[in-house]
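Structure assessment
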Amino acid sequence: MTDQLQVNRATFDEVMLPNYAPQNMVPVRGDGSHVWDQDGREYIDFAGGIAVNCLGHCHPALVQALQEQGQKLWHVSNVWTNEPALRLATKLVDATFADKVFFCNSGAEANEAALKLARRYAVDVYSEEKNQIISFKQSFHGRTFFTVTAGGQEIYSDGFGPKPGAIDHAVYNDLASLEALISDKTCAVILEPMQGEGGVMPATPEFMQGVRALCDKHNALMVLDEVQTGFGRTGYLYMYELYGVEPDIVSTAKSLGGGFPIGAILTKNHIAEHLKFGTHGTTYGGNPLACAVAEAAFDIINTTEVLAGIKKREAMFRQKLEQINDKYQVFSEIRGEGLLLGAVMNQAHEGRAKEFIAASIEQGFMCLVAGPNVVRFAPSLIVEEQDIEEGFKRFDKAVARVVAGD
Ligand SMILES: *Cc1c(COP(=O)(O)O)cnc(C)c1O
């Protein structure tokens, strides 16, 4: 074997585009909820690769699926189909509202497909004029130009020239603002059942039900972006179950592959039939390697034990965060659902969420932010109880440091 090139955080600034600003420590290995860096330092990981590593790092069942499929068949293109994709699609259809599945490689691609399908459906069934897409402020739907324009933060879509048109933004959890924008020219309303990047903000039941009713009234498709909330993250296979509202299209990615890149949309037959042969596609979508890993993740996540376990863990997380807050008075509320939780900065600590990430890393702990005011937790859905104990011991110390202004 040849000597490996020595690389470190400084290498990033030399050879990578500066669109990210990674932390100084470079992770090299993971196991369950633990991660080790280049210096052998250990961390407890409650960031979960931004709500991706639903079974932690290197779960044996996923490693096995990857290795077995890796020795059989990696890629054939969509000129052929393959067994892992057909098995995964069958399982997703059996477990959800959907009749049909389209596979792609990321959340943005899933939303891109969902929005293209919604537009095509409206053109085919109604008219060319029915093309308005309504999204919500603070929402996040990915970084392709169509999806980032649908997203509710202009700082992410400005400065790239003319944007895709006919996209309007209402106010999340404010039905009146949607009612003011929606009409028979609306082809789709896209929303997250809980805004992830936008601050871990769940939809109210009245809002979700109201969106469904307004979509029905105007023959618009209800597109639920479950890229972050889906695949067990909130204690339901998909979060729409919590609201008792049936969407028309669901996009899913992140947890779906447990760390292997894969995305998908799920929909009903009468909509699916409009994505006719040749209308859309992607080279890697539904490749056997990704689908084999996702199938292994599905078999573990979609069990009553694991889904119930997520609710139990949520209670522990909330209790630990409340205890820390009793001690330091930093949060105004703990919100979210299942294991997508946000600790919201109170007025005295407004805008300081980011400081908790750096302080946490110093204590051997990984967490996330969701905007300037929310510390976000998206751990493994099967995180061990002793790791929760130890993780929050470390986070407690990090909070102490931030509060002391160190
Ligand atoms: C992460 C995310 C996306 C984008 O997914 P990518 O895989 O990064 O393209 C879209 N929607 C939501 C709600 C997300 O959290």
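Per an unreviewed UniProt entry, the protein chain goes by Acetylornithine aminotransferase and derives from Catenovulum agarivorans DS-2. Of the comments in the UniProt record for the protein chain, the one headed Subunit (unreviewed entry) reads "Homodimer." Under Catalytic activity (unreviewed entry), UniProt gives the following word-for-word description of the protein chain: "N(2)-acetyl-L-ornithine + 2-oxoglutarate = N-acetyl-L-glutamate 5-semialdehyde + L-glutamate".

Some remarks on the layout of surface pockets
Empty space within the second largest pocket amounts to approximately 800 Å³. Along the walls of the second largest pocket sit 27 residues, with Asn78, Val101, Phe102, Phe103 and His280 positioned nearest its centre. Counting only elements with at least two residues in the lining of the second largest pocket, the list comes to α4 (83-95), β4 (100-104) and β12 (263-267). A class-by-class count of the residues in the lining of the second largest pocket yields 13 nonpolar, 11 polar and three charged.

Quick word on the sheet that holds strand β14 (residues 340-345)
Within a beta sheet, neighbouring strands are joined by backbone hydrogen bonds and run either parallel or antiparallel to one another. Pairing is antiparallel across the open sheet formed by four strands, whose spatial order is β13-β14-β17-β16. A strand with exactly one partner marks an edge of an open sheet, and here the two such strands are β13 (331-337) and β16 (368-369). One ladder, built from six bridges, connects β13 with β14; its direction is antiparallel. The residue bridging arginine 335 from the neighbouring strand is glycine 342, located in β14. Running over the sheet, helix α13 (residues 304-328) touches β13, β14 and β17 (374-377) and is turned about 175° from β13.

Notes on the site of the ligand
Around the ligand sit Ser106, Gly107, Ala108, Asn111, Phe140, His141, Gly142, Glu192, Asp225, Val227, Gln228 and Lys254, and those are all the residues in its vicinity. Within the backbone of glycine 107, one N or O atom sits 2.8 Å away from an oxygen atom of the ligand. Interatomic distance of 3.2 Å between a backbone N/O atom of phenylalanine 140 and a nitrogen atom of the ligand. If the ligand stood free it would expose 380 Å²; the protein chains cover 81% of that surface. With three residues, helix α5 (residues 107-125) is the single largest residue contributor to the shell around the ligand.

So, the sheet that holds strand β2 (residues 34-37)
Within the open sheet, the four strands sit side by side as β1-β2-β3-β15. Their pairing is mixed. Edge positions in the sheet fall to β1 (27-31) and β15 (365-366), since each of these pairs with one other strand and no more. As paired elements, β2 and strand β3 (residues 42-45) share three bridges and run antiparallel to each other. In the strand pairing of β3, valine 35 is matched with tyrosine 43.

Topic: the packing of aromatic side chains
Here a ring pair, both rings aromatic, is described through the centre-centre distance and the interplanar angle of the planes. Counted under the stated rule, the structure contains 21 aromatic pairs. Both rings, one in phenylalanine 140 and one in tyrosine 156, keep their centres 6.3 Å apart while their planes meet at 85°; by these two values the pair is edge-to-face. Residue phenylalanine 140 is located in the loop between β5 (132-136) and α6 (145-150), and its partner tyrosine 156 is located in helix α7 (residues 154-157); the two are separated by 16 residues in the primary sequence. Positioned over the ring face of tryptophan 36 is arginine 29, at 4.1 Å from the centre of the ring. Geometry around tyrosine 156 places arginine 143 over its ring, the cationic atom sitting 4.2 Å from the centre.

Notes on unusual backbone geometry
Where the residue is not glycine, phi is negative for most of them; where a peptide bond is considered, it is trans in most cases. Phi is positive for serine 77, close to 80°, though the residue is something other than glycine. Mapped onto the elements, serine 77 comes out in the loop between α3 (60-70) and α4. The class for serine 77 is partly exposed, based on a relative accessible area of 23%. With a phi angle near 60°, alanine 166 is a residue other than glycine that sits in the positive phi range. For alanine 166, a relative accessible area of 35% gives the class partly exposed.

Conventions used here
- Every chain's residues receive numbers from 1 upward, in the order its sequence appears when written.
- Residue-level local features of this predicted model are given only where pLDDT is at least 70; pairs of side-chain atoms are given and counted only at 80 or more, and the full residue set underlies all totals for whole chains, interfaces and linings.
- Neither water nor hydrogens contribute to the side-chain values; these are computed over all heavy atoms in the structure.
- UniProt positions are given in the numbering used here, feature names are shortened, and annotations may be inferred rather than shown by experiment.
- A cavity here means a set of points on a 1 Å grid, drawn over the protein atoms and nothing else, where a 1.4 Å probe fits but cannot get out; a pocket is an open set with protein on both sides within 12 Å along at least five of seven lines, and a residue lines either one if it has an atom within 4 Å of a point.
- Grid points are joined across faces, edges and corners, and a volume is the space filled by probe spheres set on the points.
- Secondary structure elements are defined from DSSP: runs of H or I of at least 4 residues count as helices, runs of E of at least 2 residues count as strands, and each element is numbered from the N terminus.
- Amino acids are sorted into nonpolar (Ala, Val, Leu, Ile, Met, Phe, Trp, Tyr, Cys and Pro), charged (Asp, Glu, Lys and Arg) and polar (every other residue, Gly among them).
- By the convention used here, strands pair only if DSSP detects at least 2 bridges between them.
- The contact rule is simple, with two residues in contact once any of their heavy atoms fall within 4.5 Å.
- Angles shown run from 0 to 180 degrees and are taken between the N-to-C directions of axes, each axis being a line fitted to C-alpha atoms and, for helices, limited to the stretch in contact.
- We define proximity as follows: a residue is near a molecule or strand when any one of its heavy atoms falls within 4 Å of that partner.
- The definition of a polar contact used here is a pair of N or O atoms within 3.5 Å, where within protein one atom must be able to donate a hydrogen and the other to accept one, and adjacent residues in sequence count solely through side-chain atom pairs.
- Note on areas: these come from Shrake-Rupley sampling with a 1.4 Å probe, and a residue is covered only by the protein chains present in the view.
- Here is the rule: rings of Phe, Tyr and Trp (six-membered ring for Trp) pair when centre to centre is within 6.5 Å. Planes less than 30 degrees apart are stacked, more than 60 are edge-to-face, and the remainder are tilted.
- A positively charged side chain is recorded as over a ring if its NZ (Lys) or CZ (Arg) lies within 6 Å of the ring centre. The angle to the ring normal must also be within 35 degrees.
- Using a 1.4 Å probe on the protein chains alone, a residue whose accessible area is under 20% of its type maximum counts as buried, one over 50% counts as exposed, and one in between counts as partly exposed.

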